[in-house]
Amino acid sequence: MTKRFLATAAFVLLSSTVSATDIGTTFETACPFGDCAAGISLSYLGEFVIPTGHMENGVEFGGISGLDFDAATGHYIAVSDDRSERGSARFYELDVDLDASGIKGVSVVKQVTLKDKNGEPFAARTVDPESIRLGKDGIYWGSEGDGKALLAPFVRVASPDGSFFREFKLPEGFAPTADKSTGIRDNLAFEDLAIAPSGDVFVGVEAALYQDGPKSSLTSGSLSRIVRYDGATGEPKAEYVYPVSPIPQAATKADGGNDNGMSEILALDDHRLLAVERSYAQGFGNNIKIMMMDLTDATDVSAIVSLAKNDQRVVPVRKSQVLDLRAIGLVPDNIEAMSLGKAKDGTDVLILGSDNNFSTSQKTQFYAFKVLSRPQQ
């Protein structure tokens, strides 16, 4: 999805910025949904910002839209949403210099080209990488597709060298249609990817499919679907409704646009996930909220063709706000990446990353938080 921040050079420290939030400031949500076993507590470890324009191996670095931790290397993998226009579709291996005292730098260890089913780099505008996770048998990554060009979204598994291994089945009703009667909205499709400890894979759309209702507005939210896959087979197991909130901020620029959508998800266990709700309003900027959701007792809506034309009782996932980045004094850009991981000293951390859209008016940005506590089973 075209939105906002990240960047870095091979073994070059990133530049930091000053915010109103002090290192060590703690934020606690004791009982999300009234469930105290789901409590989470985070401590702020700082921010690093990289300006647009850095070149890596002759290709502009940016568009970071997914991030995940590799415990085997202690590094992170990050996918760029470059549609093979500035360079071939690709992901990076990043070394993040982070410990309990704060985030100090980021370096690029490796750049890997993603390959199509024929073993070739993707042609320009045939793919839109938006998410990445490290799975049991490879690198899981998702493409948002292209609603205007009628390119379907997908989730695939790649080998460490970026070559195609296998693809997940696309459920009915997700493929784009020329008349926009069903399927994904352009630029509001497969933005989110998470892998549970069980191996189940969750894939979310940023906003409602056409048949499920409107996208978010200032007065109403949007019903996004989250597909639950059997990670081993790539077959869909269930679908749940995630209620994206209304747009929290009107544009302050005359006739300016605004939006709100779910830009990433992250599994905490087999039924609790974190979600990024990322909004934008022209003249104001981004508003980023981290939500916790619980899938327990949520209705499986995979057999419901249209949520907008449905007379069955539907229970959406429960959700509760964990963090509002603006409210704690930060000025976030286009946050599209989120990962749990380990700092250099073994500290458990949560890292957020942004997509700079390769725009000189935007930036690549990392936020880091120490995880003091997280949900208990």
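Residues numbered from 1 in each chain as written. Predicted model: local features only at pLDDT ≥ 70, side-chain atom pairs only at ≥ 80, totals over all residues. Heavy atoms only, no water.

A.B. asks: Kindly report on the sheet that holds strand 19 (residues 272–281), identifying the contributing residues and their values.
C.D. replies: Here we have 4 strands laid out as an open sheet, ordered 18-19-20-21, and antiparallel in their pairing. Taken across any chain shown, the strands that pair with only one partner, and hence form the sheet edges, are strand 18 (258–267) and strand 21 (318–324). Across the sheet, the mean angle from the axis of one strand to that of its neighbour is 30°, orientation sign disregarded. Of the pairings in the sheet, the one linking strand 20 (residues 285–294) to strand 21 comprises 6 bridges and is antiparallel in character. Counted as the bridge partner of aspartate 294 is arginine 318 from strand 21. (Pairing = 2+ DSSP bridges. Helix = DSSP H or I, 4+ residues; strand = E, 2+ residues; numbered from the N terminus. Axes fitted to C-alpha atoms, helices over the stretch in contact; angles between N-to-C directions.)

A.B. asks: Requested: an account of the pattern of salt bridges, with residues and values cited.
C.D. replies: The tally for this structure, following the rule as stated, stands at 25 salt bridges. One salt bridge in this structure joins glutamate 167 and arginine 156, with 3.1 Å as the shortest N-O distance. Taken as a pair, glutamate 167 in strand 13 (residues 164–167) and arginine 156 in strand 12 (residues 154–158) lie far apart in primary sequence, 11 residues in all. Taking the relative accessible area as the measure of exposure, glutamate 167 reaches 30% and is therefore partly exposed. One salt bridge connects arginine 278 with glutamate 336, and the closest N-O pair in it is separated by 3.1 Å. Separated by 58 residues along the polypeptide, arginine 278 in strand 19 and glutamate 336 in strand 22 (residues 335–342) bring together distant segments of the chain. You can call glutamate 336 buried: its relative accessible area is 0%. A network of salt bridges, in which partner residues are shared, links Arg83, Glu85, Arg125, Asp128 and Asp146. (Salt bridge = Lys/Arg side-chain N within 4 Å of Asp/Glu carboxyl O. Buried < 20%, exposed > 50% of the residue type's maximum accessible area, 1.4 Å probe, protein only.)

A.B. asks: Requested: an account of the sheet that holds strand 10 (residues 129–135), with residues and values cited.
C.D. replies: Here 4 strands make up an open sheet; going across it, the order is 10-11-12-13 and the pairing antiparallel. Every interior strand has two partners, whereas the edge strands, strand 10 and strand 13, have only one. Along the sheet, successive strands turn relative to each other by an average axial angle of 25°, direction set aside. Examined bridge by bridge, strand 12 and strand 13 share 3 bridges and lie antiparallel to one another. Residue pairing for strand 13: alanine 158 is matched across the bridge by phenylalanine 164.

A.B. asks: Which residues make up the nonpolar core, and what values do they have?
C.D. replies: Core analysis: the largest hydrophobic core is formed by 25 residues, its most contacted members being Leu274, Leu323, Leu325 and Phe369. Taken together, the elements giving at least two residues each to this core come down to strand 3 (40–51), strand 19, strand 20, strand 21, strand 22, strand 23 (348–354) and strand 24 (363–373). Excluding its chain neighbours within four sequence positions, the residues that come into contact with leucine 274 are Glu264, Ile265, Leu266, Leu268, Ile290, Met291, Met292, Val322, Met338 and Leu350. The next biggest cluster of nonpolar side chains, apart from the first, holds 21 residues, and it includes Leu67, Tyr92, Leu98 and Phe366. (Core = buried A, V, L, I, M, F, W, Y, C linked by side-chain atoms within 4.5 Å. Contact = heavy atoms within 4.5 Å.)

A.B. asks: An account of the pairing of strand 3 is requested, with residue identities and associated values reported.
C.D. replies: When you tally the buried positions in strand 3, you get 11 out of 12 residues, the bulk of the element. Here 10 bridges tie strand 3 to strand 24, and the two strands are oriented antiparallel to one another. From the neighbouring strand, leucine 42 faces strand 24, where its bridge partner is valine 371.

A.B. asks: Outline the packing of aromatic side chains, listing residues and values.
C.D. replies: Enumeration according to the criterion identifies 9 aromatic pairs in this entry. Relative to tyrosine 76, the ring of phenylalanine 69 has its centre 5.0 Å away and its plane inclined at 55°; by these criteria the two rings are tilted. Across the pair, tyrosine 76 and phenylalanine 69 agree in class, each one buried. Aromatic pair phenylalanine 122 and tryptophan 141: ring centres 5.8 Å apart, planes at 80°, arrangement edge-to-face. You can see phenylalanine 122 sitting in the loop between strand 9 (102–113) and strand 10 and its partner tryptophan 141 sitting in strand 11 (residues 138–143), a full 19 residues away along the chain. An identical accessibility class is assigned to phenylalanine 122 and tryptophan 141; each is buried. Three or more aromatic residues joined by ring pairs make a cluster, and in this case those are Tyr44, Tyr367 and Phe369. Above the ring of phenylalanine 154, the side-chain terminus of arginine 156 is found at 3.8 Å from the ring centroid. The ring of phenylalanine 284 carries arginine 326 above its face, with NZ or CZ at 4.2 Å from the centroid. (Phe/Tyr/Trp six-rings, centres within 6.5 Å; stacked < 30°, edge-to-face > 60°. Lys NZ or Arg CZ within 6 Å of the ring centre and 35° of its normal.)

A.B. asks: Residue-level account of the confidence of the model for the chain, with values.
C.D. replies: Considering every residue of the chain, the mean pLDDT works out to 93; 95% of them sit at 70 or more. Between residues 1–18, whose pLDDT stays under 50, and residues either more than four places distant or in other chains, the model counts 96 contacts. (pLDDT = per-residue confidence, 0-100.)

A.B. asks: Hey, could you go over the side chain of glutamate 56 for me, with residue numbers and the actual values?
C.D. replies: Among the secondary structure elements, glutamate 56 is positioned in strand 4 (residues 55–56). Although glutamate 56 is buried, it forms no salt bridge, and the closest oppositely charged side chain is arginine 90 at an N-O distance of 9.6 Å. (Lys, Arg positive; Asp, Glu negative; His and termini not counted.)

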